[in-house]
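# Descriptive analysis of the structure
If you want the building blocks of each chain, they are given just below.
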Amino acid sequence: MRRRVFLSAINGASSSGGVDSPPSLPSQRRPQGGMVKRGIEPTSVERKMREDDFIVSKTNAKGIITYGNPIFIEFSGYTEEELLGSQHNIIRHPDMPRAAFKLAWDTIASGKEFFGYVKNMAKDGSFYWVFTHITPDFDSRRNILGYSSVRRCPRPGAIAKIEPVYRQMLAAERAAGSREAIAAGTAVLLDLLQQTGMSYEELVFSL
């Protein structure tokens, strides 16, 4: 029953969402750098997006960064050369549950758009919250060529609500161990959706 609810939540991602379309992007640049070594210590320093900021990035179908706008470069703390050619998870914060990314990737890989709140980590260990909108890029035959992501400044009230959910998911994942982590984190989210009677998308836009 829960599995059906979860899949329904994923499939419920609609074409409407109230998030502006990505601005026009320059031609994709050939990846040159990338593969920056991790091992960054997270800090308690928060970097907050400005109201008119839009972080834009593009990846290929495997999640390799092919474009980042200047605000993405600014908040990530990496140079453009370091970002291009790197996996997009270069900015992944360890406070984010794996199940959240599994949901995001399953959604966009099925050709649908995804909305969500994400805590990212910069090169210096500081963090920044975003409200993200990810869309697949198709060729003329509807094959997915890659993904475009636009992140905007999230509402503080939404972060105050979603952060405890992520903490519960992460705690469940750590308790379950690496092999069962995603299933455990997903179960926490499913329980929440069942309690609220909302799909995932309804939950996100209710925050």
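Treat the numbers as computed from the prediction; the structure is a model and nothing was measured. (Residues numbered from 1 in each chain as written. Predicted model: local features only at pLDDT ≥ 70, side-chain atom pairs only at ≥ 80, totals over all residues. Heavy atoms only, no water.)

## Things to note about the sheet that holds strand β5 (residues 144-152)
The antiparallel open sheet is built from five strands, whose spatial order is β2-β1-β5-β4-β3. Looking along the sheet, the strands with just one partner apiece sit at the ends: β2 (65-68) and β3 (114-121). Adjacent strand axes in the sheet meet at a mean angle of 30°, parallel and antiparallel pairs treated alike. Two strands pair when backbone bridges link them, and strand β1 (residues 54-60) and β5 are joined in this way by seven bridges, in the antiparallel orientation. (Pairing = 2+ DSSP bridges. Helix = DSSP H or I, 4+ residues; strand = E, 2+ residues; numbered from the N terminus. Axes fitted to C-alpha atoms, helices over the stretch in contact; angles between N-to-C directions.)

## A look at helix α4 (residues 98-109)
Across its twelve residues, α4 extends 16 Å between first and last C-alpha, which sits within 8% of the 16 Å expected from 1.5 Å per residue. Of all the residues in α4, the buried ones are A99, A100, L103, A104, T107 and I108. Seen from one end, α4 has its buried residues packed into an arc of 165°, which puts them on one side. Taken from the residues just after α4, G111 is the one with a positive phi, measuring 95°. (Expected span 1.5 Å × (residues − 1). Buried < 20%, exposed > 50% of the residue type's maximum accessible area, 1.4 Å probe, protein only. Arc of directions from axis to C-beta.)

## Brief notes about the side chain of T132
Inspection of the secondary structure puts T132 in strand β4 (residues 127-138). Here the side chain of T132 touches S149 through a polar contact of 3.2 Å, side chain to side chain. Here T132 is in contact with F114, F115, G116, V118, S149, V150 and R151, once residues within four sequence places are set aside. (Polar contact = N/O pair within 3.5 Å; in protein donor to acceptor, adjacent residues only side chain to side chain. Contact = heavy atoms within 4.5 Å.)

## Description of the packing of aromatic side chains
For the coordinates displayed, the defined rule picks out eight aromatic pairs. Relative to Y147, the ring of W105 has its centre 5.3 Å away and its plane inclined at 90°; by these criteria the two rings are edge-to-face. Placement of W105 in helix α4 and of Y147 in strand β5 is noted, with a sequence separation of 42 residues between them. By relative accessible area, Y147 is classed as buried at 7%. With a centroid separation of 6.2 Å and 5° between ring planes, the pair formed by W129 and Y166 is classed as stacked. You can see W129 sitting in strand β4 and its partner Y166 sitting in helix α5 (residues 156-176), a full 37 residues away along the chain. With a relative accessible area of 6%, W129 lands in the buried category. (Phe/Tyr/Trp six-rings, centres within 6.5 Å; stacked < 30°, edge-to-face > 60°.)

## Thoughts on unusual backbone geometry
Phi angles above zero are rare outside glycine, and R142 is one such case at about 70°. Here R142 shows up in the loop between β4 and β5. Among the residues examined, R142 registers a relative accessible area of 57% and is labelled exposed.

## A closer look at the side chain of D53
Tracing the backbone through its elements, the reader meets D53 in the loop between α1 (2-11) and β1. Look at D53 and you get buried, because its relative accessible area is 4%. If near-sequence neighbours (up to four positions away) are discounted, D53 is found in contact with I71, F75, R151, R152 and C153.

## What about the nonpolar core?
Counting residues in hydrophobic clusters, the biggest one holds 44 residues, and the most contacted among them are I55, Y117, Y128, I162 and Y166. Counting residues per element, the ones that place at least two in this core are α2 (70-76), α4, β3, β4, α5, α6 (181-196) and α7 (200-206). The element best represented in this core is α5, accounting for seven residues. Discounting chain neighbours no more than four positions away, the residues touching Y117 are M96, W129, V130, F131, P154, R155, A158, I159, I162, Y166, V204 and L207. (Core = buried A, V, L, I, M, F, W, Y, C linked by side-chain atoms within 4.5 Å.)

## Concerning the pattern of salt bridges
For the structure on display, the rule yields six salt bridges. A salt bridge links D53 to R50, with the shortest nitrogen-to-oxygen separation between them at 3.0 Å. Overall, R50 belongs to the partly exposed group, its relative accessible area being 39%. A network of salt bridges, in which partner residues are shared, links R50, D53 and E74. (Salt bridge = Lys/Arg side-chain N within 4 Å of Asp/Glu carboxyl O.)

None of this, on its own, says anything about what the molecule does.
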